[in-house]
Amino acid sequence: MADLSPQELRVLAAVADSGGFSAAGAALGLTQSAVSHSVRGSEAKVGAVLFERGRGGASPTPAGERAVALARRILRMYEVLGAEARGAGRGALAGVLRIAAFRSAALHLLPPALERLTARHPGIRPEVRVVRELGAGTAGEVAAGRADLAIATLNAGGATGATGSVPAGAAAPGRLLTGVLREEAYALVHPAGHPDPRSLPLLDWDENCGSYTRDWWRAQDWIPRATVKAEDDGMVLTMVGRGLGMAILPELSLREATDAVDITGLGPSGPVRRVGYVTAPESASTLAVRALIRELRSEAG
């Protein structure tokens with residue numbers, strides 16, 4: 001199989017990002033026919049159809065999704081090559097560092113680590129995207145080549161999301177690496193001073209109760225079905241403070257708690273979630289990602 005050129009990889013990524021050949025051509029300064037020719041050539045080299053064509057544009061096939069994800073990751077290595085070489089020679093890191101994180105991690109775990117990182121390396125420019133931990137979640141951003149590192153919730157085996165069960169600290173089937181940063185217990189949060197918080201309706205949000213807590217939840221006959229599903233954990237906490245119900249939240253979410261709520265531990269058998277980082281093997285070796293992981297471990301430790 002002939003190798004794909006960087007330009008061919010850029011075309012594949014642009015078509016996937018824009019949803020069509022014309023839009024990809026506009027983004028790259030190419031004609032639609034040039035984009036179409038490039039995609040056909042890439043498909044011939046790969047030996048698979050990468051895009052479904054239709055009146056509504058072009059969408060990646062399963063083979064195309066994988067090819068585009070790898071294309072983005074390869075192109076990212078081209079982007080960081082110069083910064084890596086200069087950083088190795090001078091000891092000063094520079095360039096964009098792309099990070100995906102779920103809401104409470106972006107609020108409470110990431111900022112102190114980034115503050116120290118940018119103080120040591122002023123040339124680093126973090127770009128942070130808040131991604132919900134649903135479906136592929138933050139780990140999916142790394143797998144798709146849109147992030148260099150993600151802060152993710154990890155189950156007993158590894159990351160939840162696009163890669164399935166990812167053993168912490170090891171290469172995953174989806175070729176991702178993970179590492180545990182912290183373990184945090186869940187607690188019962190309820191309106192301050194309520195005499196019987198377990199009698200209250202349950203408030204929840206879609207990202208809660210992942211695979212790391214479902215078995216525990218199923219075994220608790222006192223937990224009712226959620227009557228209210230909020231947008232995120234911050235909204236749940238606000239609603240509990242207003243006396244609208246109780247909730248079961250992890251420690252990072254409870255950092256925003258006010259005097260309007262009381263927090264009760266769930267005992268040694270209560271659920272615990274792991275929060276960690278997810279990165280691709282090629283990104284894990286870069287100086288900027290390694291430096292960020294050190295700061296995250298320092299913050300969590």
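Fair warning: this is a prediction, and the values are worked out from it, not measured in the lab.

Analysis parameters
All residue numbers refer to positions counted from 1 along the written sequence of the respective chain. Given that this is a predicted model, residues contribute local features only at a pLDDT of at least 70 and side-chain atom pairs are listed and counted only at 80 or more, while totals for whole chains, interfaces and linings are drawn from all residues. Side-chain descriptors were evaluated using all non-hydrogen atoms of the structure, hydrogens and water having been removed beforehand. Helix and strand assignments come from DSSP, with helices taken as H or I runs of at least 4 residues and strands as E runs of at least 2, each series counted from the N terminus. Each residue gets one of three labels from its accessible area relative to the maximum for its type: buried under 20%, exposed over 50%, partly exposed in between, using a 1.4 Å probe on protein chains only. Any two residues having at least one pair of non-hydrogen atoms within 4.5 Å are treated as being in contact. Methods summary: accessible areas were calculated by the Shrake-Rupley approach with a probe of 1.4 Å, and residue burial reflects only the protein chains presented. Positive: Lys, Arg. Negative: Asp, Glu. His and the chain ends are not part of the count. A charged residue contributes its charge at one atom only: NZ of Lys, CZ of Arg, CG of Asp or CD of Glu. For salt bridges, the criterion is a side-chain nitrogen of Lys or Arg within 4 Å of an Asp or Glu carboxyl oxygen. Buriedness of a pocket was judged along seven lines, with at least five required to meet protein on both sides within 12 Å; pockets are open sets of points on a 1 Å grid over the protein atoms alone, cavities are sets where a 1.4 Å probe fits but cannot get out, and lining residues have an atom within 4 Å of a point. Grid points are joined across faces, edges and corners, and a volume is the space filled by probe spheres set on the points. Any residue that is not Ala, Val, Leu, Ile, Met, Phe, Trp, Tyr, Cys, Pro, Asp, Glu, Lys or Arg is counted as polar, Gly included; the first ten are nonpolar and the last four charged. Here the aromatic set is Phe, Tyr and Trp, taking the six-membered ring for Trp, and pairing holds for ring centres within 6.5 Å; pairs whose planes are under 30 degrees apart are stacked, those over 60 apart are edge-to-face, and all others are tilted. Only lysine NZ and arginine CZ atoms are considered, and such an atom sits over a ring when it is within 6 Å of the ring centre and within 35 degrees of the ring normal. Look down the strands so they point away from you; if the path from the first strand over the helix to the second goes clockwise, the crossover is right-handed. Paired strands are those between which DSSP finds at least two bridges. Polar contact is the term for a pair of N or O atoms within 3.5 Å; when the atoms are in protein, one must be able to donate a hydrogen and the other to accept it, and sequence-neighboring residues count only if both atoms are side-chain atoms. Residues belong to a common nonpolar core when they are buried Ala, Val, Leu, Ile, Met, Phe, Trp, Tyr or Cys residues joined through side-chain atoms within 4.5 Å. Axes, fitted as lines to C-alpha atoms, cover a helix only where it is in contact. Angles between the N-to-C directions of the axes lie from 0 to 180 degrees. Oblique is the label for every angle not falling under 35 degrees (roughly parallel), over 145 degrees (roughly antiparallel), or within 65 to 115 degrees (roughly perpendicular).

Engineer: Got a minute to help me understand the overall build of the protein in this structure?
Structural biologist: When its secondary structure is counted, the protein shows 11 helices and 11 strands. Seen through its C-alpha atoms, the protein measures out along the principal axes to roughly 70 × 50 × 30 Å. By residue count, 48% of the 301 residues in the protein fall in the buried class. For the protein, long-range pairs separated by at least 24 residues make up 71% of all intrachain contacts whose partners lie at least 6 apart in sequence. Accessible area of the protein: about 14,100 Å², with a carbon and sulfur share of 52%. For the protein, the separation between the mean place of its 33 positive charges and that of its 31 negative charges on side chains is 6 Å.

Engineer: Please explain the pattern of salt bridges as it appears in this structure.
Structural biologist: Oppositely charged side chains are able to pair whenever their charged atoms sit close together. Within the structure shown, the criterion is met by 21 salt bridges. Glu256 is the salt-bridge partner of Arg103, the closest N and O atoms lying 2.7 Å from each other. Note that Arg103 is positioned in helix H5 (residues 103-120) and Glu256 in the loop between helix H9 (251-254) and strand S10 (261-265), a separation of 153 residues in sequence. Take Glu256: its relative accessible area is 30%, and that puts it in the partly exposed class. One salt bridge connects Asp206 with Lys229, and the closest N-O pair in it is separated by 3.6 Å. Of this pair, Asp206 sits in the loop between strand S7 (203-205) and helix H7 (214-218) while Lys229 is found in strand S8 (residues 228-230), placing the two residues 23 residues apart along the sequence.

Engineer: Which parts of the structure should I look at to understand the layout of surface pockets?
Structural biologist: Roughly 250 Å³ of internal volume is contained in the second largest pocket. Taken together, 13 residues line the second largest pocket, and the ones lying closest to its centre are Ala13, Arg72, Leu75, Arg76 and Glu79. Breaking the lining of the second largest pocket down by element, the ones donating at least two residues are helix H1 (6-18) and helix H4 (62-90). Per element, the largest residue contribution to the lining of the second largest pocket is five residues, and it comes from H4. Of the residues assigned to the lining of the second largest pocket, the class counts are five nonpolar, one polar and seven charged.

Engineer: Help me understand the packing of aromatic side chains, please; the structure alone is not making it clear to me.
Structural biologist: The description of an aromatic ring pair rests on the distance of the ring centres and on the angle between the ring planes. What the rule picks out here adds up to zero aromatic pairs. Of note, Arg198 hangs over the ring of Trp222, and the distance from its end group to the ring centre comes to 4.0 Å.

Engineer: Hey, could you run me through the pairing of strand S3 (residues 94-101) in this one?
Structural biologist: Here is the key point about a regular strand: its side chains alternate between the two faces of the sheet. For S3, the tally of buried residues reaches six of eight residues, placing the bulk of the element in the interior. A crossover connection joins S3 to the parallel strand S4 (residues 123-130) through H5; in handedness this β-α-β unit is right-handed. In terms of strand pairing, S3 meets strand S5 (residues 149-154) through three bridges, oriented parallel. Residue Ala101 lies in a different strand from S5, and its bridge partner there is Ile151.

Engineer: How do you make sense of the side chain of Asp232 when you look at a structure like this?
Structural biologist: Mapped onto the elements, Asp232 comes out in the loop between S8 and helix H8 (233-241). Among buried Asp, Glu, Lys and Arg side chains, Asp232 stands out as unpaired, with Arg103 the closest opposite charge at 4.1 Å. For Asp232, the side chain forms a polar contact with the main-chain nitrogen of Gly234, separated by 3.0 Å. Leave out the neighbours within four places in its chain, and Asp232 touches Arg103 and Trp205.

Engineer: Explain the side chain of Asp204 here, please?
Structural biologist: By the element assignment, Asp204 lies in strand S7. Look at Asp204: it is buried, it has no salt bridge, and the nearest opposite charge is Lys229 at 5.1 Å. At a separation of 2.9 Å, a polar atom in the side chain of Asp204 contacts the side chain of Asn208. Excluding anything up to four places from it in sequence, Asp204 contacts Trp217, Ala226, Val228, Lys229, Ala230 and Val236.

Engineer: Please clarify how the nonpolar core should be interpreted in this entry.
Structural biologist: Side chains of nonpolar character tend, in soluble globular proteins, to be buried together. Core analysis: the biggest nonpolar cluster contains 25 residues, and Leu97, Ile99, Leu117, Leu149, Ile151, Leu292 and Leu296 have the highest contact counts within it. Ranked by residues supplied to this core, first place goes to H5 with seven residues. Not counting the four nearest positions on each side in its chain, Leu149 is found in contact with Arg98, Ile99, Ala100, Val142, Tyr277, Val278, Thr279, Val289, Leu292, Ile293 and Leu296. Core analysis: the next-biggest nonpolar cluster, separate from the first, contains 13 residues, Ala187, Trp205, Leu237 and Val240 among them.

Engineer: I would appreciate a short explanation of empty space enclosed by the protein in the present structure.
Structural biologist: The method is simple in principle: a probe with the dimensions of a water molecule rolls over the atoms, and the space it marks as empty is what remains. Tallied over the full model, the rule gives one cavity of 30 Å³ or more. Approximately 40 Å³ is the volume found for the largest cavity. Along the walls of the largest cavity sit Arg73, Arg76, Arg98, Val142, Ala147, Asp148, Ala280, Glu282 and Ser283, which together make up its complete lining. Considering only residue class, the lining of the largest cavity consists of three nonpolar, one polar and five charged.

Engineer: Which parts of the structure should I look at to understand the packing of H1 against helix H3 (residues 32-46)?
Structural biologist: Two numbers describe a pair of packed helices, the interaxial angle and the distance between the axes. Relative orientation of the contacting elements H1 and H3 amounts to 110°, with a least axis distance of 9 Å. Classified by the interaxial angle, the pair formed by H1 and H3 is roughly perpendicular. Facing Glu8, Val11, Leu12 and Val15 of H1, the residues of H3 in contact are Val35, Ser38, Val39, Ser42 and Lys45. Considered class by class, the residues forming the contact of H1 with H3 number five nonpolar, two polar and two charged.

Just geometry here; none of it tells us what the structure is for.
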